[in-house]
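# Per-entry structural report
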Amino acid sequence: MSFFGPVTEDHWLVDYGATEGAVREVRETVQQRRQAGVRTVQHALLSNKLRTSIQQTKQRVEDLLERLEGWELRDLTRPEHERRTRLCEKLLSALTRAEMDFNERRYQPQGATEERLGGWRNADLEAGGGGGGGGGYDNDDTALLTNDQLRQQQTTMIREQDSGLEALSRIVSSQKHIARAINTEVDEHNVLIDDITNRTDNTRNRVEDETGNITTVNRKARTWRQY
């Protein structure tokens, strides 16, 4: 007895495809940032976008891994479970490489000489950036943006967060549907078990009655033989 009805699509695979697209977008953004001039508005915008999108995309991949262990996919075969786990691990690996590239490019722009790097570090120290901690560079990224650009960046980040919340809401709704379906099937199984128990009781009673009848017949037969 199945409570899911006809299966039209695998929601996990649909969400995986969307997450894979998000990982691809992160890598493309890192590439665009690498090509943008250092200390330009475009560089700053892409930096702020990556700080949020990398972490959000990592969380989406981790959610996919967690769902592999839940009720939603409990009927997966072991080879398919392992295949999907490897797919998620590849996404995490790609995100890790993108994050490492992002962090490296923040402090060591391609083609910069040691002399230029030293000059930038001194400038950061003079500005209170803390030297090698990278805080001064973050402040430079923000300082390059106008108020309108900052508001636009914040609006974009809020929109991306809302999109992530909507995806999470769909997952929770799907889990709730699965839980209700499981509860319905458990109730149906309980009804079947009760019916089987009743039938077993009736059969046992009939067997006991027939056993009593056979005992009576045997007793009468012995009595007739005495006569």
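Residues take numbers from 1 onward in each chain, read along the sequence in its written order. For this predicted model, a pLDDT threshold of at least 70 governs which residues receive local features, and a threshold of 80 or more governs which side-chain atom pairs are given and counted, while totals over whole chains, interfaces and linings are taken from all residues. Hydrogens and water molecules were not included; the side-chain quantities draw on all heavy atoms of the structure.

Another point: the overall build of the chain. Going along the chain from the N terminus, every DSSP run of H or I of four or more residues is numbered as a helix, and every run of E of two or more is numbered as a strand. Counting its secondary structure elements, the chain contains six helices and zero strands. For the chain, the succession of helices and strands along the chain, N to C, is α-α-α-α-α-α. At a minimum sequence separation of 6, the contacts of the chain that also span at least 24 residues come to 78%. The protein chains shown are the only cover counted for residues, whose accessible areas, like all others here, come from Shrake-Rupley with a 1.4 Å probe. Carbon and sulfur atoms provide 51% of the accessible area of the chain, an area that totals close to 15,500 Å². Contact definition: two residues touch when any of their heavy atoms are within 4.5 Å.

Between its first and last C-alpha atoms helix H1 (residues 11–35) spans 36 Å; for 25 residues at 1.5 Å apiece the expected length is 36 Å, and the two agree. Listed in full, the buried residues belonging to H1 are Trp12, Tyr16, Thr19, Ala22, Val23, Val26, Thr29, Val30 and Arg33. Within 3.5 Å is the distance limit for a polar contact, defined as a pair of N or O atoms, with the added protein rule that one can donate a hydrogen and the other accept it, and that residues adjacent in sequence qualify only through two side-chain atoms. With a side-chain oxygen lying 3.0 Å from the backbone nitrogen of Trp12, the N-terminal cap of H1 falls on Asp10. For a helix, the expected span equals 1.5 Å multiplied by the number of residues minus one. Three labels apply to residues, based on accessible area from a 1.4 Å probe with only protein chains included: buried if under 20% of the type maximum, exposed if over 50%, partly exposed otherwise in between.

Think of a patch as exposed residues, more than 30% relative accessible area, with no salt bridge, where like charges cluster within 9 Å and nonpolar side chains (Val, Leu, Ile, Met, Phe, Trp, Tyr) cluster within 5 Å. Here, a salt bridge means any Lys or Arg side-chain nitrogen found within 4 Å of an Asp or Glu carboxyl oxygen. On the surface, a cluster of nonpolar side chains totalling about 280 Å² of accessible area is made up of Leu165, Leu168 and Val172. Within the secondary structure layout, Leu165 lies in helix H6 (residues 147–226). Take Leu165: its relative accessible area is 54%, and that puts it in the exposed class.

This brings us to the UniProt feature "coiled-coil region" (unreviewed entry) in the chain. UniProt positions are given in the numbering used here, feature names are shortened, and annotations may be inferred rather than shown by experiment. Using the residue numbers shown here, the UniProt feature "coiled-coil region" (unreviewed entry) corresponds to residues 47–74. Helix and strand shares over residues 47–74 are 75% and 0% respectively, and the end C-alpha atoms of the span are 40 Å apart.

As a further point, take the confidence of the model for the chain. Here the chain averages 75 in pLDDT, and 74% of its residues register 70 or above. The pLDDT value tells you how sure the predictor is about a given residue, anywhere from 0 up to 100. Per-element confidence in the chain ranges from a low mean pLDDT of 42 for helix H4 (residues 114–126) to a high of 91 for H1. Between residues 105–140, whose pLDDT stays under 50, and residues either more than four places distant or in other chains, the model counts 36 contacts.

Residue types Ala, Val, Leu, Ile, Met, Phe, Trp, Tyr and Cys, when buried and joined through side-chain atoms within 4.5 Å, form a set referred to as a nonpolar core. Trp12, Tyr16, Val26, Val30 and Leu50 are the most contacted members of the largest nonpolar core, which has 18 residues in total. Considering every element that reaches this core, the biggest residue donor is helix H3 (residues 78–107), with seven residues. Setting aside anything within four residues of it in sequence, one finds Val30 in contact with Leu50, Ala98, Asp101 and Phe102.

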